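# Close look at the chain arrangement
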Number of protein chains: 2
Amino acid sequence: MQNQASRSAPRPGGRSARVQAAVHQAVQRLQDQAGRDGLTIPAIAAEAGVTPSTIYRRWGDLGQLLADVALEQLRPESPPEDTGSFEGDLRAWLAQYFEEMASEPGRAMLRDVLGSAGTDGQERCMHFCTAQIDALRARGLQRGEAVVATESIVDQVIAPLMYRILFAGTTPTTADIERRLAPNLPR
Amino acid sequence: MQNQASRSAPRPGGRSARVQAAVHQAVQRLQDQAGRDGLTIPAIAAEAGVTPSTIYRRWGDLGQLLADVALEQLRPESPPEDTGSFEGDLRAWLAQYFEEMASEPGRAMLRDVLGSAGTDGQERCMHFCTAQIDALRARGLQRGEAVVATESIVDQVIAPLMYRILFAGTTPTTADIERRLAPNLPR
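Keep in mind that this is a model prediction, so the values were computed, not measured. (Residues numbered from 1 in each chain as written. Chains lettered and ligands numbered in written order. Predicted model: local features only at pLDDT ≥ 70, side-chain atom pairs only at ≥ 80, totals over all residues. Heavy atoms only, no water.)

This brings us to the overall build of chain A. Secondary structure summary: chain A contains 10 helices and 0 strands in total. Secondary structure of chain A in N-to-C order comes out as α-α-α-α-α-α-α-α-α-α. In terms of overall dimensions, chain A has a C-alpha envelope of 55 × 35 × 30 Å along the principal axes. Counting every position in chain A, which comprises 187 residues, the buried fraction comes to 46%. Working note: accessible area of chain A is about 8800 Å², and carbon and sulfur atoms make up 51% of it. The distance from the centre of the 20 positive side-chain charges to the centre of the 23 negative ones in chain A is 5 Å. (Helix = DSSP H or I, 4+ residues; strand = E, 2+ residues; numbered from the N terminus. Buried < 20%, exposed > 50% of the residue type's maximum accessible area, 1.4 Å probe, protein only. Areas by Shrake-Rupley, 256 points an atom, 1.4 Å probe, with all protein chains shown as cover. Lys, Arg positive; Asp, Glu negative; His and termini not counted. Charge placed at Lys NZ, Arg CZ, Asp CG, Glu CD.)

Now for the pattern of salt bridges. Counted according to the given criterion, the structure contains 36 salt bridges over all chains. B:Arg180 is the salt-bridge partner of A:Glu151, the closest N and O atoms lying 3.5 Å from each other. Here the residue A:Glu151 occupies a position in helix α9 (residues 150-167), and B:Arg180 occupies one in helix α9 (residues 174-181), the pair thus bridging two chains. Judged by its relative accessible area of 38%, A:Glu151 falls in the partly exposed class. (Salt bridge = Lys/Arg side-chain N within 4 Å of Asp/Glu carboxyl O.)

Moving on, we get to the relation of the copies chain A and chain B. Superposing chain A onto chain B takes a rotation of 180° plus a shift of 0.0 Å along the axis, which leaves an RMSD of 0.0 Å. As the rotation angle and translation indicate, the two copies are arranged about a two-fold axis. Closest approach to the rotation axis among the C-alpha atoms of chain A is made by A:Gly115, whose C-alpha sits 1.9 Å away. Looking at chain A, 100% of its interface residues are interface residues in chain B too, so the copies touch through the same face. (Least-squares fit on C-alpha atoms with pLDDT ≥ 70 in both. Contact = heavy atoms within 4.5 Å.)

Quick look at the packing of helix α2 (residues 15-34) of chain A against helix α3 (residues 41-48) of chain A now. Residue and element names in this part refer to chain A. Relative orientation of the contacting elements α2 and α3 amounts to 115°, with a least axis distance of 8 Å. Judged on the interaxial angle alone, α3 and α2 are roughly perpendicular. At the point where α2 passes α3, the crossing takes the right-handed sense. Residue-level contacts link Ala22, Val23, Ala26, Val27, Arg29 and Leu30 of α2 to Ala43, Ile44, Glu47 and Ala48 of α3. Residue composition of the contact of α2 with α3, grouped by class: 8 nonpolar, no polar and 2 charged. (Axes fitted to C-alpha atoms, helices over the stretch in contact; angles between N-to-C directions. Parallel < 35°, antiparallel > 145°, perpendicular 65-115°, else oblique. Left-handed = near helix turned anticlockwise from the far one by under 90°. Nonpolar A, V, L, I, M, F, W, Y, C, P; charged D, E, K, R; others polar.)

Let's shift gears to helix α8 (residues 150-167) of chain B. Residue and element names in this part refer to chain B. In this model, α8 (18 residues) spans 23 Å end to end at C-alpha, consistent with the 26 Å of a helix rising 1.5 Å per residue. Along α8, the sharpest kink reaches roughly 40°, centred on Ile158 and followed within four residues by the proline Pro160. Most of α8 is tucked away, with 15 of its 18 residues classed as buried. Gly169, located one to two residues past α8, shows a positive phi value of around 65°. (Expected span 1.5 Å × (residues − 1). Bend = angle between axes of the 7 residues up to and from the residue.)

With that settled, the discussion passes to the UniProt feature "DNA-binding region" (unreviewed entry) in chain A. According to UniProt, the positions carrying the feature "DNA-binding region" (unreviewed entry) are residues 40-59 of chain A. Between the first and last C-alpha atoms of residues 40-59 of chain A the distance is 13 Å; the span itself is 80% helix and 0% strand. (UniProt positions renumbered as here; feature names shortened; annotations may be inferred.)

Summarising the element assignment, A:Arg164 is placed in helix α9. Overall, A:Arg164 belongs to the buried group, its relative accessible area being 14%. The residues touching A:Arg164, leaving out its near neighbours within four places in the chain, are A:Gly169, A:Thr170, A:Arg180, B:Glu151, B:Val154 and B:Asp155.

Let's shift gears to the domain arrangement of chain A. In terms of domains, chain A is made up of domain 1 (4-60) and domain 2 (78-184). Centre-to-centre, using C-alpha coordinates, domain 1 of chain A lies 29 Å away from domain 2 of chain A. (Domains from an automatic or database assignment.)

Applying the stated criterion across every chain yields a total of 6 aromatic pairs over all chains. Here the aromatic residues A:Trp93, A:Tyr97 and A:Phe98 are joined through ring pairs into a cluster of three or more. (Phe/Tyr/Trp six-rings, centres within 6.5 Å; stacked < 30°, edge-to-face > 60°.)

Attention now moves to the interface of chain A and chain B. The accessible area lost on association of the parts is a frequent measure of interface size. Listed as interface residues are 28 residues of chain A and, on the opposing side, 28 residues of chain B. Carbon and sulfur atoms make up 61% of the surface buried where chain A meets chain B, a total of about 2400 Å² over both sides. Its largest share of buried area at the contact with chain B, chain A owes to A:Leu114, A:Tyr163 and A:Phe167, together 30% of the area lost on that side. The interface formed by chain A and chain B holds 10 salt bridges in total. Between B:Arg164 and A:Glu151 there is a salt bridge; the shortest N-O distance is 3.8 Å. Taken together, the links from chain A to chain B amount to 10 residue pairs in polar contact (both at pLDDT 80 or more). Broken down by secondary-structure element, the contributors of at least two residues to the side of chain A that touches chain B are α7 (104-115), α8 (120-142), α9 and α10 (174-181) of chain A. Looking at the side of chain A that touches chain B element by element, the count peaks at 12 residues for α9(A). (Buried area = accessible area lost by both parts, 1.4 Å probe. Polar contact = N/O pair within 3.5 Å; in protein donor to acceptor, adjacent residues only side chain to side chain.)

Pasting the structure below:
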């Protein structure tokens, strides 16, 4: 399977990075002007000043381009907040993560990513999540704290609440998070 | 939020059921002929012999129509297999459920359902799953067996493996299912 979107990872300063930035900005301008419905690759190419074949070559199809733009907007910009303890960090990050995923931009990103063919966007979305948990674990270990496996947090907290965001359209509450997190904290 | 697809639930013998059948068949014929890319509501309407506004009124947009067709194809046709015990029934059903969801038609259905706006398709997809677990629980209770809550199976088995199908593109193995099912069986 071709790894379309990873080929569009920014290479700072290069032609590739400039093309990506121009195309992403074109998608955002056209979405702001006219919404999602009229978006086409030829229209995006014209707005970005590139050829349609540049877009097809790099992103594969419209769905994968939209997923790439949506993921870029939701990419975490900084390491999770440092509250002084692994437990506190995890609780703060989970609250923020689910608030973001259940928000309208978060749901739109999930629709774009999960509605598109290929697996690259999906894997990046999962990586954004596991890399943040890994960072919290590493910080906890540096403090000399007991931590838990990233996979346990994914299985026991992320997956059940993401399932409900996706399939029940509900927004996880603090209590929903706590009920699944508490039994999985280090003892 | 409008509940588009549930309005399209079949009413046997009525005009509504005939329109639904004609439109679903038109989608399938056009997909078989030319794939997904060229599908439009006007083309589907022409093929089905209805007006485009009939389709817009009933399904909202192309994404929701495609999700409805995909769900209809994956709707369980019979109660889960009776193996003689709750534990055996659950194991047999989970194996079949994940095989179906991770298959190419299953993944295409998930893309259509999770990529479309609204929450109706998503909720029907979740209901297909919880209704089957409820049926296994009821059968177990009738046999006088101990059973577990449907929510536990969703949280502990369905959600973590569905998360991996969706975000990691992986196919759950028998061992993946067993590892998550075993601690959640009745004691």
